[in-house]
Amino acid sequence: AQRVTQPEKLLSVFKGAPVELKCNYSYSGSPELFWYVQYSRQRLQLLLRHISRESIKGFTADLNKGETSFHLKKPFAQEEDSAMYYCALYSSNTGKLIFGQGTTLQVKP
Amino acid sequence: GAGVSQSPRYKVAKRGQDVALRCDPISGHVSLFWYQQALGQGPEFLTYFQNEAQLDKSGLPSDRFFAERPEGSVSTLKIQRTQQEDSAVYLCASSSQGARETQYFGPGTRLLVL
């Protein structure tokens, strides 16, 4: 089965602390993974994709095929990072994007 | 340029009513997707259009749900005889080509069925 799991519904950290938002996937083929973000009162938008191997707003994510994970990391959280984060898997079998349940990141001052 | 727009933003319907939700994608975007997002959940795929062709409707929960994109631009998602379990946010997204390209989301329509 193709599935994306985000085990934490809420992650609360203090400003300046490191952040790791967990994402695990289940997929039999070669996965393509994404992180989408929704800031308060804004629409869902792409944050980064693993094939780009880029850092956006200080966030990085490395695909670990052995652990079937695509965790999102940032060394020093900022208050403006507070948002809902969704991990998503592109299934080439079905041509669909499969989303996880999302993790709310709360960065406290 | 303008992003994806959706209307109405909020809709309250009595159980049994029909509703129509509209999506205006980014101009020139070939692909259009509809998702349903229940409270506390991630978006779930409903259906996908490439131009005017509905290539995948496997996510539509029942035959009460119907989507169209007759001219390959604006799309309408229609729900007939609404039920309480249809209450959700309905998201529309468009991309230049397919689901693996960046999807640009609309603000969503929040549907509440009483």
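Each remark here, short or long, concerns the structure printed above.
Worth saying up front: this structure is predicted, and the values here are computed from it rather than measured.

## Notes on the interface of chain A and chain B
Then, in step 1: Contact with chain A, which involves 17 residues of that partner, is made by 19 residues of chain B.
Then, in step 2: On the chain A side of the contact with chain B, Arg43, Leu44 and Lys96 of chain A bury the most area, a combined 32% of that side's loss.
Then, in step 3: Inspection of the region where chain A meets chain B yields 2 salt bridges.
Then, in step 4: Joining chain A to chain B, the criterion identifies 10 residue pairs in polar contact (both at pLDDT 80 or more).
Then, in step 5: Of all elements in the fold, only β5 (32-38), β6 (45-49), β9 (83-91) and β10 (96-99) of chain A reach the threshold of two or more residues within the side of chain A that touches chain B.

## A short note on the pairing of strand β6 (residues 53-56) of chain B
Then, in step 1: Direction of pairing for strand β5 (residues 44-50) of chain B relative to β6 of chain B: antiparallel, over a ladder of 3 bridges. Following the sheet pairing, Phe49 of chain B is matched in β6 of chain B by Gln54 of chain B.

## Brief notes about the side chain of Thr103 of chain A
Residue and element names in this part refer to chain A.
Then, in step 1: With respect to the helices and strands, Thr103 occurs in strand β11 (residues 103-108).
Then, in step 2: Within the structure, Thr103 has its side chain in polar contact with the side chain of Gln6 (distance 3.4 Å).
Then, in step 3: Look past the residues within four positions of Thr103 in its chain and what remains in contact with it is Gln6, Glu8, Lys9, Leu10, Leu11, Leu21, Ala83, Met84 and Tyr85.

## Some remarks on unusual backbone geometry
Then, in step 1: Put simply, Ser7 of chain B and Pro8 of chain B share a cis peptide bond, and its omega is -10°.
Then, in step 2: Positionally, Pro8 of chain B belongs in the loop between β1 (5-7) and β2 (10-13).
Then, in step 3: Of note, the phi angle at Arg41 of chain A is positive, near 65°, even though the residue is not glycine.
Then, in step 4: Position of Arg41 of chain A relative to the elements: it lies in the loop between β5 and β6.
Then, in step 5: A relative accessible area of 84% places Arg41 of chain A in the exposed class.
Then, in step 6: A positive phi angle, close to 45°, is found at Thr68 of chain A, a residue other than glycine.

## Some points on a nonpolar patch on the surface
Then, in step 1: The grouping of Val12, Leu112 and Leu114 of chain B at the surface amounts to a nonpolar patch, some 280 Å² of accessible area in total.
Then, in step 2: By the element assignment, Leu112 of chain B lies in strand β11 (residues 109-113).

## Concerning the sheet that holds strand β3 (residues 19-21) of chain A
Residue and element names in this part refer to chain A.
Then, in step 1: The strand order across the open sheet built from 3 strands is β3-β8-β7, with neighbouring strands paired in antiparallel fashion. One side of each edge strand has no neighbouring strand; the edge strands of this open sheet are β3 and β7 (60-61).
Then, in step 2: Note that β3 and strand β8 (residues 72-74) share 3 bridges and pair antiparallel. Looking at the pairing, Val19 lines up with Lys74 of β8.

The rules we used
Residues numbered from 1 in each chain as written. Chains lettered and ligands numbered in written order. Predicted model: local features only at pLDDT ≥ 70, side-chain atom pairs only at ≥ 80, totals over all residues. Heavy atoms only, no water. Contact = heavy atoms within 4.5 Å. Buried area = accessible area lost by both parts, 1.4 Å probe. Salt bridge = Lys/Arg side-chain N within 4 Å of Asp/Glu carboxyl O. Polar contact = N/O pair within 3.5 Å; in protein donor to acceptor, adjacent residues only side chain to side chain. Helix = DSSP H or I, 4+ residues; strand = E, 2+ residues; numbered from the N terminus. Pairing = 2+ DSSP bridges. Buried < 20%, exposed > 50% of the residue type's maximum accessible area, 1.4 Å probe, protein only. Patch = residues over 30% accessible without salt bridge, like charges linked within 9 Å, V, L, I, M, F, W, Y side chains within 5 Å. Areas by Shrake-Rupley, 256 points an atom, 1.4 Å probe, with all protein chains shown as cover.

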